[in-house]
Amino acid sequence: MEYYLLLAGVICMLVEMVVPGFGIFGITGIICLTGGSYFVMGGGWTALLVLAGFYLLVALLIAFLCVYLPKESKWNPFVLWFKQKNDAGYTGSKNLSALLGKEGVALTVLRPAGTVLVEGKRFDVISLGDFIPKDTLVKIVKVEGSKVFVDAVR
């Protein structure tokens, strides 16, 4: 009987691995494995204490990992291991501050975002006003990182 419980627990855990989510198969698998282990160890208080100690150890290990691992970037796949420094050639975006004060022509309608042509190059910009028609002469009045702000030349 106890070996059937262990087998059912292993099968339920395998199904849970194929169909992810801590659902009915995972809970049933844990219950079957616990019951089967209890009976294989002969039952009684000794088996109960061994299982309780095992589950306490697993809970402490999971708690330790939840506290420790988030602080280590090598365990987090969303965090870079090494800093990417500008002097090593890494940049987030081009330095567009040299465009400040230059004039160009609106290639599209700016309401408020659009495209302008400055010195033969296309740039995505944002107008400070609400609407600037196509082919209007514009001037770059502000640059914030990769955002370029223009205003119509009057």
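Everything below is about the structure printed above this text.
None of these values were measured; they are calculated from a predicted model.

Rules of the game
Residues numbered from 1 in each chain as written. Predicted model: local features only at pLDDT ≥ 70, side-chain atom pairs only at ≥ 80, totals over all residues. Heavy atoms only, no water. Salt bridge = Lys/Arg side-chain N within 4 Å of Asp/Glu carboxyl O. Pairing = 2+ DSSP bridges. Helix = DSSP H or I, 4+ residues; strand = E, 2+ residues; numbered from the N terminus. Axes fitted to C-alpha atoms, helices over the stretch in contact; angles between N-to-C directions. Patch = residues over 30% accessible without salt bridge, like charges linked within 9 Å, V, L, I, M, F, W, Y side chains within 5 Å. Areas by Shrake-Rupley, 256 points an atom, 1.4 Å probe, with all protein chains shown as cover. Buried < 20%, exposed > 50% of the residue type's maximum accessible area, 1.4 Å probe, protein only. Contact = heavy atoms within 4.5 Å. Core = buried A, V, L, I, M, F, W, Y, C linked by side-chain atoms within 4.5 Å. Parallel < 35°, antiparallel > 145°, perpendicular 65-115°, else oblique. Left-handed = near helix turned anticlockwise from the far one by under 90°. Nonpolar A, V, L, I, M, F, W, Y, C, P; charged D, E, K, R; others polar. 1 Å grid on protein atoms, 1.4 Å probe; cavity = no way out; pocket = protein on both sides within 12 Å on 5 of 7 lines; lining within 4 Å. Points joined across faces, edges and corners; volume = space filled by probe spheres on them.

K.L.:
Mind laying out the pattern of salt bridges, listing which residues take part and the relevant values?
P.N.:
Per the stated rule, a full pass over the model turns up 2 salt bridges. The salt bridge involving Glu144 is made with Lys142; its shortest N-O contact spans 3.5 Å.

K.L.:
I'd like a description of the sheet that holds strand 1 (residues 103-106), backed by residues and values.
P.N.:
Taken in spatial order, the 5 strands close into a barrel running 1-2-3-5-4, and their pairing is mixed. On average, each strand axis in the sheet is inclined to that of its neighbour by 55 degrees, with strand direction left out of account. The pairing of strand 2 (residues 113-118) with strand 3 (residues 121-127) spans 6 bridges and is classified as antiparallel. Each bridged residue has a counterpart across the sheet, and for Val116 the counterpart in strand 3 is Phe123.

K.L.:
Explain a nonpolar patch on the surface to me, using residue names and the numbers behind them.
P.N.:
A cluster of nonpolar residues, Phe54, Tyr55, Val58 and Ile62, forms a patch on the protein surface that exposes about 350 Å² of accessible area. Along the chain, Ile62 turns up in helix 3 (residues 44-68).

K.L.:
How would you summarise the environment of Val150 if you had to cite specific residues and measurements?
P.N.:
Among the structural elements, Val150 can be located in strand 5 (residues 147-152). For Val150, a relative accessible area of 0% gives the class buried. The sequence separation of Val150 and Ala106 amounts to 44 residues, and the corresponding C-alpha distance is 9.7 Å. Among residues more than four places away in sequence, those in contact with Val150 are Leu110, Val125, Ile126, Ser127, Leu128, Val138, Lys139, Ile140 and Val141.

K.L.:
So what about the nonpolar core? Which residues, and what values?
P.N.:
Within the largest apolar cluster, 14 residues are counted, with the highest numbers of intra-cluster contacts made by Leu110, Val116, Phe123 and Val125. Elements supplying a minimum of two residues to this core: strand 2, strand 3, strand 4 (137-144) and strand 5. For Phe123, the residues in contact, after removing those within four places along its chain, are Leu96, Leu99, Gly114, Thr115, Val116 and Val118.

K.L.:
Mind laying out the packing of helix 1 (residues 2-18) against helix 2 (residues 24-40), listing which residues take part and the relevant values?
P.N.:
Helix 2 packs onto helix 1 with a crossing angle of 155 degrees between their chain directions and a minimal axis gap of 7 Å. Judged on the interaxial angle alone, helix 2 and helix 1 are roughly antiparallel. The element helix 1 and its partner helix 2 pack so that their crossing is left-handed. For the pair helix 1 and helix 2, contact is made by Glu2, Tyr3, Leu5, Leu6, Ala8, Gly9, Val10, Cys12, Met13, Val15 and Glu16 and by Phe25, Gly26, Thr28, Gly29, Ile30, Cys32, Leu33, Gly35, Gly36, Ser37, Phe39 and Val40, respectively. Counted by class, the contact of helix 1 with helix 2 contains 14 nonpolar, 7 polar and 2 charged residues.

K.L.:
Provide a residue-level description of the layout of surface pockets, including the pertinent values.
P.N.:
Volume-wise, the largest pocket comes out at about 150 Å³. Every residue along the wall of the largest pocket is listed here: Ile30, Leu33, Thr34, Ser37, Leu51, Phe54, Tyr55 and Val58. When contributions to the lining of the largest pocket are tallied by element, the ones reaching two or more residues are helix 2 and helix 3. Class assignment of the residues belonging to the lining of the largest pocket gives a composition of 6 nonpolar, 2 polar and no charged.

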